[in-house]
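# Coordinate inspection notes
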Amino acid sequence: VPEHVELAWILGCLTNVPRLLRLPQWKMKRASQNNEGTVGLLTYPVLQAADILLYKSTHVPVGEDQVLHLELAQDIAQHFNKKYGEFFPVPKAILGEL
């Protein structure tokens, strides 16, 4: 679905790099790759946020390991809404057995 990538590009332009560098998945993968993390590792959470926000999801089932990625989607939605007006609902996590 091309809209996923298109929205990911827009959201990536609104997301600062230091925010992405704080994600533990980036830190772990980068450490295992001799401090040479890839752009894909850095931008995947933004694509994940686009997947959630594109459908204006209000609740998202996530495992504990994905809570921080959902928090990124929440931050991006709030930032977008503040800058451009209310458009995306801020998704809430549904935690539990998946």
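Everything below is about the structure printed above this text.
Analysis parameters
Residues numbered from 1 in each chain as written. Predicted model: local features only at pLDDT ≥ 70, side-chain atom pairs only at ≥ 80, totals over all residues. Heavy atoms only, no water. Helix = DSSP H or I, 4+ residues; strand = E, 2+ residues; numbered from the N terminus. Rg over C-alpha atoms; globule rule 2.2 N^0.38 Å. Buried < 20%, exposed > 50% of the residue type's maximum accessible area, 1.4 Å probe, protein only. Contact = heavy atoms within 4.5 Å. Areas by Shrake-Rupley, 256 points an atom, 1.4 Å probe, with all protein chains shown as cover.

### Quick notes on the overall build of the chain
Helix and strand counts for the chain come out as five helices and two strands. Start at the N end of the chain and walk to the C end: the helices and strands fall as α-α-α-α-β-α-β. In summary, the chain has a C-alpha radius of gyration of 14 Å against a globular reference of 13 Å for 98 residues, a match within 12%. Across its three principal directions, the C-alpha atoms of the chain cover 40 × 35 × 25 Å. Looking at the 98 residues of the chain, the share that counts as buried comes to 34%. Partitioning the contacts of the chain with sequence separation of at least 6, the portion at a separation of at least 24 is 69%. Of the roughly 6400 Å² of accessible surface on the chain, a fraction of 59% belongs to carbon and sulfur atoms.

### Section: unusual backbone geometry
Positive phi, normally seen in glycine, also occurs at Lys56, with a value near 50 degrees. Checked against the element boundaries, Lys56 lands in the loop between α4 (39–54) and β1 (59–62). Accessibility expressed as a relative area gives 39% for Lys56, which makes it partly exposed.

Treat this as a map of the structure, not an account of what it does.
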